[in-house]
Protein chains: 2
Amino acid sequence: MEIVRPTLLLDKETCLRNIARMAEKAKAKNLDFCPHFKTHQSAIIGEWFREFGISAITVSSVQMAQYFARNGWTDITIALPVNILEIDQINQLASGINLNLLVENKESLVFLDKFIKFQAGIYIEIDTGYNRTGVAAHKTNLVDGLLEIVKNNKLLDFKGFLSHTGHTYQASSRHDIFNHHFDALLKMRSLKNRYKKDWPNLKLSLGDTPSASICDNFDGIDELRPGNFIFYDLMQYKLGTCKFEDIALRLVCPVIARHASRNEVIIYGGAIHTSKDSIINIDGKELYGQVIINQNGQKILLDERNYLHKLSQEHGIIKVTYKDFNSFKVGDLVEIVPVHSCLTANLMGSYLTSDGEYIPTIRQA
Amino acid sequence: MEIVRPTLLLDKETCLRNIARMAEKAKAKNLDFCPHFKTHQSAIIGEWFREFGISAITVSSVQMAQYFARNGWTDITIALPVNILEIDQINQLASGINLNLLVENKESLVFLDKFIKFQAGIYIEIDTGYNRTGVAAHKTNLVDGLLEIVKNNKLLDFKGFLSHTGHTYQASSRHDIFNHHFDALLKMRSLKNRYKKDWPNLKLSLGDTPSASICDNFDGIDELRPGNFIFYDLMQYKLGTCKFEDIALRLVCPVIARHASRNEVIIYGGAIHTSKDSIINIDGKELYGQVIINQNGQKILLDERNYLHKLSQEHGIIKVTYKDFNSFKVGDLVEIVPVHSCLTANLMGSYLTSDGEYIPTIRQA
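Source: prediction; values computed, not measured.

Section: helix α1 (residues 12–28) of chain A
Residues and elements named next belong to chain A. Taking 1.5 Å per residue as the helical rise, α1 with its 17 residues ought to reach 24 Å, and the 24 Å between its terminal C-alpha atoms agrees with that figure. The complete set of buried residues in α1 reads Thr14, Cys15, Asn18, Ile19, Ala20, Met22, Ala23, Lys25 and Ala26. The inward-facing, buried residues of α1 contact β1 (7–10), β2 (32–33), α2 (43–50), α8 (209–214) and β10 (223–224). Asparagine 30 sits one or two positions beyond α1 and adopts a positive phi of about 60°.

Structure below.
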């Protein structure tokens, strides 16, 4: 298949290696592996996980749960605080599959208590420091209140405590990631200790890619649900949570202009193709992607003085060094290593694998 | 139609008013109006322009040109420097409609000269100061070189000079916008004067929404091709190029959590729903949207101390004042006024009008 416009290349071998590594780690640590499918959002890629014995998955919306349920998944956790407005869709899902919902406030649970019509698992979301959603780990009075409601409703099954240690993505070092993870571990374990008498089967679920990738201590944790690890990206590489060769995505873009006076190369590939998430480059400026060129059939990763530094809707501007400027010709294809795989995959809506296979996501389904 | 998840509401009346205003302005100034359809990307919305006598449109990619050609548009300018890798698709388009291409470098034009098979219009892109793409206005030797090629190819029709004064979007005042526009005007006119002897029919085309909205002097300009003006957004409002009531889009999102300790309200609605483009709020922090709530059936725009201030993939965090915190309940729908309409529309892929009509974009087609 000839590439003539911005195309998201996916290296299937790298993906499979990333999945295998995480699946083996989960197994070695005696953790259930419940991967987050919000990263790839694709039924075909979902199938790749089955070879590794995966049967339970995580998603981030009811729509995504519906999509994967249609594609044969029967054990799905929606890891976003329950949106009570979607109660009809939730009931429909719960009537057909094992559905787990996330709850972090009384209002939602009171609503579910009243309107749920089929058996559904309930995770209580715990905030272990990310400060986005979840009950703060020390607020056991709130947890008690939630469990009181769950206990008295036969359709609601308390599954355990779930947390997303998302502040590891903003860590300034691997050490920071270990710290955040260990802190989350202690908080989650103390909840387990407190509630295990009444709820002997309660599970603890953790899920951020940084700690899932590099931390080794998961004592007391029962389930791991990272998502980004299947593709990784520059953000993860800079955090030190993956090797460069673990990054499975490349946004391939045609060169459409060159401006020697500014040492800039312009590609067809902009903010509707790759995300506006950036990392700070060595020159203190925003970097939206690193650049790989093809030279005499060889792929060469250029150093960070050559980088995607501006995006408009369809244009991307690559800042290049004087030395490398002439490596770019109008009509060349260059590869952009994305900063944030999840958002780039969402924008592109499909992948092209190294074998030439076209893989749609939920957006093209 | 009941809204239960993030939904992009479009006020059709406001859109029609915005189109009418721009169409009338173009008419009054004796300008051809060739609106940019990259903002709405929708065949149905495209039809709304026909009532105003529009028959020629601008798009930003070959794919978008194919989509609108399939939907009955026969005069299309692709306002992105030509991507020579799409020559087959370009030839196919040129065989069926009046297609205008944008050229800003010799390599592309040499390629077109060799491989174009059907009549195509050629605009030379002029850089009037935005420094993205285009021949710098003073480099007439480059323009001469390009015109030499066009002149000798019967399939290539020189249409004129096209510029996008995109630096008006970064202006710090209306005065700045007037300055940039006037500077562009002088540069474009001097090109017209220089080349009109040899090319008496050459046109000058300008297109940014800020100057199209507030500037009055278009002497010598022949064509206006703004896009964003159909929806406008907070960025335009802050620039002073539209009134608040001209903003036609609202991202409606369910409230899923509230955190009084942080004065934060969490909505289902994140970076896959609205763009990561931000403006700087009064507190010096990034603002991703302003917030409208529904109180006793009345819509109330909250001031900028209540604003969308963080986005993850599906979560949005609204910072609220202590006073307004209790105006939000779990299960409420709030309206987010987007910072950058074009990117939000691209992410959402469809609209719901005030009349309950579902309008898909190219992404859902």
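Focus on a negative patch on the surface
On the surface, Asp11, Glu13, Asp355 and Glu357 of chain A cluster together into a negatively charged patch. Structurally, the position occupied by aspartate 355 of chain A is in the loop between β20 (350–353) and β21 (358–360).

Describing the pattern of salt bridges
Overall, the coordinates contain 42 salt bridges over all chains when judged by the stated rule. The residue arginine 258 of chain A makes a salt bridge to glutamate 107 of chain B at a minimum N-O spacing of 3.7 Å. Placement of the pair is arginine 258 of chain A in strand β11 (residues 249–259) and glutamate 107 of chain B in helix α5 (residues 106–115), with the two residues belonging to separate chains. The salt bridge involving glutamate 264 of chain A is made with lysine 319 of chain A; its shortest N-O contact spans 2.9 Å. With glutamate 264 of chain A in strand β12 (residues 264–268) and lysine 319 of chain A in strand β18 (residues 315–319), this pair connects stretches of sequence that are 55 residues apart. With relative accessibility at 26%, the residue lysine 319 of chain A sits in the partly exposed group. Overlapping salt bridges bring together Asp127 of chain A together with Arg262, Glu264 and Lys319 of chain B as one network.

Thoughts on the pairing of strand β18 (residues 315–319) of chain B
All names here are of chain B. Buried residues dominate β18, accounting for four of its five residues. Sheet analysis places strand β12 (residues 264–268) next to β18, joined by five bridges and oriented antiparallel. What sits directly across from tyrosine 268, in β18, is histidine 315. Linking strand β17 (residues 307–311) back to β18 in an antiparallel pair, the connection comprises three residues.

Side note on the packing of aromatic side chains
What the rule picks out here adds up to 24 aromatic pairs over all chains. Ring centres 6.5 Å apart and planes at 85° place the aromatic pair phenylalanine 49 of chain A and phenylalanine 229 of chain A in the edge-to-face group. Residue phenylalanine 49 of chain A is found in helix α2, and its partner phenylalanine 229 of chain A is found in the loop between β10 and α9 (234–239); the two are separated by 180 residues along the sequence. Take phenylalanine 49 of chain A and phenylalanine 229 of chain A: they sit in the same class, and that class is buried. Between tyrosine 67 of chain B and phenylalanine 68 of chain B the ring centres are 4.8 Å apart and the planes differ by 75°, which places this aromatic pair in the edge-to-face class. We note that tyrosine 67 of chain B, like phenylalanine 68 of chain B, is buried. Against the face of tryptophan 73 of chain A rests arginine 50 of chain A, its NZ or CZ located 3.7 Å from the ring centre.

Focus: the UniProt feature "domain: D-serine dehydratase-like" (unreviewed entry) in chain A
Listed under "domain: D-serine dehydratase-like" (unreviewed entry) in the UniProt record, and renumbered for this structure, are residues 248–355 of chain A. Each end of residues 248–355 of chain A is marked by a C-alpha atom, and these two atoms are 14 Å apart; helix forms 11% of the span and strand 47%.

Considerations on the domain arrangement of chain A
All names here are of chain A. Along its sequence, chain A is carved into domain 1 (12–232) and domain 2 (244–364). On a C-alpha basis, the centroid separation for the pair domain 1 and domain 2 is 33 Å. Domain 1 puts 20 residues into the contact, and the matching count from domain 2 is 19 residues. Carbon and sulfur atoms make up 59% of the area that domain 1 and domain 2 hide from each other, which totals about 1500 Å². A per-residue breakdown of the area domain 1 buries against domain 2 is headed by Lys12, Gln41 and Phe231, which together make up 33% of the total.

Describing unusual backbone geometry
Residue and element names in this part refer to chain B. A positive phi angle is found at asparagine 30, which is not glycine, with a value near 65°. Note that asparagine 30 resides in the loop between α1 (12–28) and β2 (32–33). Residues other than glycine seldom take positive phi values, yet asparagine 296 does so here, at roughly 50°. Relative to the assigned elements, asparagine 296 resides in the loop between β15 (289–295) and β16 (298–301).

Focus: the relation of the copies chain A and chain B
Each copy superposes on the other: chain A lies on chain B with an RMSD of 0.0 Å after a rotation of 180° and an axial shift of 0.0 Å. This pairing of chains is accounted for by a two-fold axis. The position closest to the rotation axis in chain A is occupied by the C-alpha of lysine 276 of chain A, lying 3.1 Å away. Interface overlap between copies: 100% of the residues of chain A at the interface are likewise at the interface in chain B, consistent with a symmetric, same-surface contact.

Description of the interface of chain A and chain B
The parts lose accessible area when they come together, and the size of an interface is often stated as this lost area. Residue-level contacts link 55 residues of chain A with 55 residues of chain B. For the pairing of chain A and chain B, the buried interface totals around 4800 Å² over both sides, and the portion due to carbon and sulfur atoms is 51%. Area buried by chain A at its contact with chain B is led by Arg132, Gln313 and Arg363 of chain A, which between them contribute 14% of it. Our enumeration of links across chain A and chain B arrives at eight salt bridges. With a closest N to O distance of 3.1 Å, arginine 5 of chain A and glutamate 86 of chain B form a salt bridge. Taken together, the connections running from chain A to chain B amount to 25 residue pairs in polar contact (both at pLDDT 80 or more). Those elements that place two or more of their residues in the side of chain A that touches chain B are α3 (62–70), β4 (75–81), α5 (106–115), β11, β12, β18 and α11 (341–348) of chain A. Class assignment for the residues of the side of chain A that touches chain B results in 23 nonpolar, 18 polar and 14 charged.

Some details on helix α3 (residues 62–70) of chain B
Residue and element names in this part refer to chain B. For α3, the complete set of buried residues consists of Val62, Met64, Ala65, Gln66, Tyr67 and Phe68. Packed against the buried residues of α3 are α2 (43–50), β3 (57–59), β4 (75–81), α4 (87–96) and β21 (358–360). Immediately beyond the C-terminal end of α3, within one or two residues, lies glycine 72, with a positive phi of roughly 90°.

As for the environment of aspartate 11 of chain A
Residues and elements named next belong to chain A. Within the fold, aspartate 11 resides in the loop between β1 and α1. When the C-alpha positions of aspartate 11 and tyrosine 351 are compared, they lie 9.6 Å apart, and in sequence the two are 340 residues distant. With residues near it in sequence (within four places) discarded, aspartate 11 still touches Ala248 and Ser354.

Some words on the pairing of β12 of chain B
All names here are of chain B. Most of β12 sits inside the fold, with five of its five residues counted as buried. Along β12, one buried face is formed by Glu264, Ile266 and Tyr268 and the opposite face, lined by Val265 and Ile267, is buried too. As judged from the four bridges shared by strand β11 (residues 249–259) and β12, these two strands associate in the antiparallel manner. Note on β12: the bridge partner recorded for arginine 258 is valine 265.

Analysis parameters
- Sequence order as written defines the numbering, with residues in each chain counted from 1.
- Labels are handed out in written order, letters beginning with A for the chains and numbers beginning with 1 for the ligands.
- Reporting in this predicted model follows two pLDDT cut-offs: at least 70 for local features of residues, and 80 or more for side-chain atom pairs to be given and counted; totals over whole chains, interfaces and linings ignore these cut-offs and use all residues.
- The side-chain figures draw on all heavy atoms in the structure; neither hydrogens nor water molecules are used.
- Each helix corresponds to a stretch of at least 4 residues labelled H or I by DSSP, and each strand to a stretch of at least 2 residues labelled E; elements are numbered beginning at the N terminus.
- Any helix carries an expected span of 1.5 Å times its number of residues minus one.
- Exposed residues in this analysis have more than 50% of their type's maximum accessible area, buried residues have under 20%, and partly exposed residues fall in between, with area computed by a 1.4 Å probe over protein chains only.
- In what follows, a contact means two residues having at least one pair of non-hydrogen atoms within 4.5 Å.
- Distance thresholds for patches are 9 Å for like charges and 5 Å for nonpolar side chains (Val, Leu, Ile, Met, Phe, Trp, Tyr), applied to residues having over 30% relative accessible area and no salt bridge.
- Areas reported here follow the Shrake-Rupley algorithm with a probe of radius 1.4 Å; residue values treat only the protein chains shown as occluding.
- Whenever Lys or Arg places a side-chain nitrogen within 4 Å of a carboxyl oxygen from Asp or Glu, that contact is recorded as a salt bridge.
- As used throughout, the charge tally considers Lys and Arg to be positive and Asp and Glu to be negative, leaving His and the chain termini uncounted.
- Here the site of a charge means NZ on Lys, CZ on Arg, CG on Asp, or CD on Glu.
- At least two bridges found by DSSP between two strands are what make those strands a pair.
- Under the pairing criterion, centres of Phe, Tyr and Trp rings, with the six-membered ring standing for Trp, must be within 6.5 Å; the plane angle then separates stacked pairs below 30 degrees from edge-to-face pairs above 60, leaving the rest tilted.
- A positively charged side chain is recorded as over a ring if its NZ (Lys) or CZ (Arg) lies within 6 Å of the ring centre. The angle to the ring normal must also be within 35 degrees.
- UniProt positions are given in the numbering used here, feature names are shortened, and annotations may be inferred rather than shown by experiment.
- Domain extents, as shown, originate in an automatic or database domain assignment.
- In short, buried area is how much 1.4 Å probe accessible area vanishes from two parts on joining, totalled over both.
- A residue counts toward the fit only if its pLDDT is at least 70 in both copies, and the copies are then superposed by least squares on the C-alpha atoms of those residues.
- Two N or O atoms form a polar contact when they lie within 3.5 Å of each other; inside protein one atom must be a possible hydrogen donor and the other a possible acceptor, and for residues adjacent in sequence the pair counts only when both atoms belong to side chains.
- Classes in brief: Ala, Val, Leu, Ile, Met, Phe, Trp, Tyr, Cys and Pro nonpolar; Asp, Glu, Lys and Arg charged; the others, Gly included, polar.

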